[in-house]
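Architecture at a glance
One-letter residues, chain by chain:
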Amino acid sequence: MLRFFALLFTIISFNTAASVERTAIVGAMDVEIEGLLPKLTDVEEKTIGKHLFHIGQLNNKSVVVTKSGVGKVNAALTTTLLATEFNVNSIIFTGIAGASAPELEPMDVVISTGLVQHDVDLTVFGSPMGLLDGYDSREFLPSEALVKQALTAAQTALGKEQVTTGIIASGDQFIADKEKVAYLYKEFQAKAVEMEGAALAQVADQFDIPYVVIRTISDKADGSAALTYEEMKKSTADNSVAIILEMLK
Ligand code: ADE
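Presented here is an overview of the structure given in this document.

What counts and what doesn't
Residues numbered from 1 in each chain as written. Predicted model: local features only at pLDDT ≥ 70, side-chain atom pairs only at ≥ 80, totals over all residues. Heavy atoms only, no water. Core = buried A, V, L, I, M, F, W, Y, C linked by side-chain atoms within 4.5 Å. Buried < 20%, exposed > 50% of the residue type's maximum accessible area, 1.4 Å probe, protein only. Helix = DSSP H or I, 4+ residues; strand = E, 2+ residues; numbered from the N terminus. Contact = heavy atoms within 4.5 Å. Near = heavy atom within 4 Å. Polar contact = N/O pair within 3.5 Å; in protein donor to acceptor, adjacent residues only side chain to side chain. Areas by Shrake-Rupley, 256 points an atom, 1.4 Å probe, with all protein chains shown as cover. Nonpolar A, V, L, I, M, F, W, Y, C, P; charged D, E, K, R; others polar. Phe/Tyr/Trp six-rings, centres within 6.5 Å; stacked < 30°, edge-to-face > 60°. Lys NZ or Arg CZ within 6 Å of the ring centre and 35° of its normal.

**Things to note about the nonpolar core**
Soluble, globular proteins show a tendency: their nonpolar side chains are buried together. Core analysis: the largest hydrophobic core is formed by 35 residues, its most contacted members being Val 64, Leu 82, Phe 86, Val 88, Ile 91, Leu 115 and Tyr 211. Among the secondary structure elements, those contributing two or more residues to this core are β1 (22-27), β3 (51-58), α3 (72-85), β5 (90-99), β6 (109-117), α6 (197-206), β9 (211-219) and α7 (225-247). When residues in this core are grouped by element, the largest group, five residues, is from β5. Other than its neighbours up to four places away in sequence, Ile 91 contacts Ala 24, Val 26, Thr 79, Leu 146, Leu 200, Ala 204, Ile 209, Pro 210, Tyr 211 and Val 212. Among the nonpolar cores identified, the runner-up in size contains 24 residues, and Leu 58, Val 63, Ile 92 and Ala 150 belong to it.

**Topic: the environment of Ser 240**
As for its placement among the helices and strands, Ser 240 is situated in helix α7. With a relative accessible area of 0%, Ser 240 lands in the buried category. Considered as a pair, Ser 240 and Thr 113 are 127 residues apart in the sequence and their alpha carbons are 16 Å apart. Contacts of Ser 240, omitting those with residues within four sequence positions, involve Thr 94, Gly 95, Ile 214, Arg 215 and Thr 216.

**Some thoughts on the site of the ligand**
Every one of the 13 residues lining the ligand counts as a neighbour, but Gly 98, Phe 174, Ile 175, Glu 194 and Asp 219 are closest to it. Backbone polar atom of Ile 175 to a nitrogen atom of the ligand: 2.8 Å apart, as the coordinates give it. Measuring from a nitrogen atom of the ligand, one finds a side-chain N or O atom of Asp 219 at 2.7 Å. Here the ligand, which alone exposes 260 Å², has 96% of that area covered by the protein. Take the shell around the ligand: its biggest share by element is three residues, from β5. Here the residues of the shell around the ligand sort into eight nonpolar, three polar and two charged.

**So, the packing of aromatic side chains**
What characterises a pair of aromatic rings is the spacing of the ring centres plus the angle enclosed by the ring planes. All chains considered together, the criterion is met by three aromatic pairs. Measuring from centroid to centroid gives 4.5 Å for Phe 53 and Phe 86, while their planes differ by 35°, and the two rings are tilted. Here Phe 53 is found in strand β3, whereas its partner Phe 86 is found in the loop between α3 and β5, with 33 residues between them in sequence. Judged by its relative accessible area of 0%, Phe 53 is buried. The exposure class of Phe 86 is buried, given its relative accessible area of 4%. On the numbers, 6.2 Å between centres and 80° between planes, the contact of Tyr 183 with Phe 188 is edge-to-face. You can call Tyr 183 partly exposed: its relative accessible area is 29%. Here Lys 46 stacks its cationic end above the ring of Phe 86, 5.5 Å away from the centre of that ring.

What follows is the structure, encoded as structure tokens:
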């Protein structure tokens, strides 16, 4: 009898733990999440490998906040851990990006409607740039509901003029070249370029986890990048954090 109740208790607590909705918030660098960390309550920290996760509450919502590190491998690893170890129900990537649409300026915001890995090259086999083997499209599609939520939140936090939606291109390169950025705009119609979003998207897609990427423009990705980037890093990262806080209200 006692055993039966112990089993029942285990099943009930497992189901309760599994059914708590938890949102993951990911940034690639410290500067991209440090505006969020002081706002977390009931914080618990967990390290897996060399990777630190901050589990807690943000505006009474269960969240796990983490820094992925820069680049596609880091983003893919982080997303895998969020899916397998933390059972997250949705993922929001927050951070900064270079502008590839010529009309965008530092402090503008791009919310992903599609994510592509611009450095995937199987063209020798007749595939278009960015198309991975085994996929029908080179674009990974974020959750429409999260895109809508992010757009509304960004417009509320920053005003309508500063916010747009569009394709974000990711690759393991910091883009700082006029010709390269023009190519990325022409080839992928990408509005912003960064180094993680599409890798996160590919893994989230594998696990059927809804996601969205929110990027504030820090530089024009054209060679003036290095200077603007360093100057703009903090304020632009805080821009994206403000949107997340509005989204989780
Ligand atoms: N993140 C911010 N600016 C970037 C750029 N120009 N290229 C790649 N990632 C970036």
